[in-house]
Amino acid sequence: MRTSEHAIDTELFDYSMSAELFSSKGKHRGRQPLGYKRFASAAQAIRFAIEDCPALLVGTYLEVDELR
């Protein structure tokens, strides 16, 4: 079942691992793209993305341990 697969993947995710945020460098009206930012932990990267730059989330992805 897909729900249980998702739960297993979520349980295996390590929020303490270093992480990187990348965003598209396309033209955004009135705002600068994030580009690239490195964090000591995935938890810090997620907090930054949600709290500090929610307008930039479109086209932004998180990479942890070389996995998106």
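A few words on the sheet that holds strand β2 (residues 36–39). An order of β2-β1-β3 is seen for the 3 strands of this open sheet, with the pairing classed as antiparallel. At either end of the open sheet lies a strand with only one pairing partner, and these are β2 and β3 (60–64). Adjacent strand axes in the sheet meet at a mean angle of 20 degrees, parallel and antiparallel pairs treated alike. Examined bridge by bridge, strand β1 (residues 19–23) and β3 share 5 bridges and lie antiparallel to one another. If you follow Leu21 over to β3, its bridge partner there is Leu62. Each of β1, β2 and β3 is contacted by helix α2 (residues 42–52), which is oriented at about 30 degrees to β1, the strand it contacts most.

This part takes up the environment of Glu63. Position of Glu63 among the secondary structure elements: in strand β3. For the pair formed by Glu63 and Ala19, sequence separation is 44 residues and the distance between their alpha carbons is 5.7 Å. When neighbours within four sequence positions are excluded, Glu63 is seen to be in contact with Ser18, Ala19, Glu20, Phe22 and Arg68.

Scored by pLDDT, the protein has a mean of 77; 69% of the residues are at 70 or more. Taking the mean pLDDT of every element in the protein, the minimum, 55, falls on helix α1 (residues 2–12) and the maximum, 92, on β2.

Parameters at a glance
- Residues numbered from 1 in each chain as written.
- Predicted model: local features only at pLDDT ≥ 70, side-chain atom pairs only at ≥ 80, totals over all residues.
- Heavy atoms only, no water.
- Pairing = 2+ DSSP bridges.
- Helix = DSSP H or I, 4+ residues; strand = E, 2+ residues; numbered from the N terminus.
- Axes fitted to C-alpha atoms, helices over the stretch in contact; angles between N-to-C directions.
- Contact = heavy atoms within 4.5 Å.
- pLDDT = per-residue confidence, 0-100.

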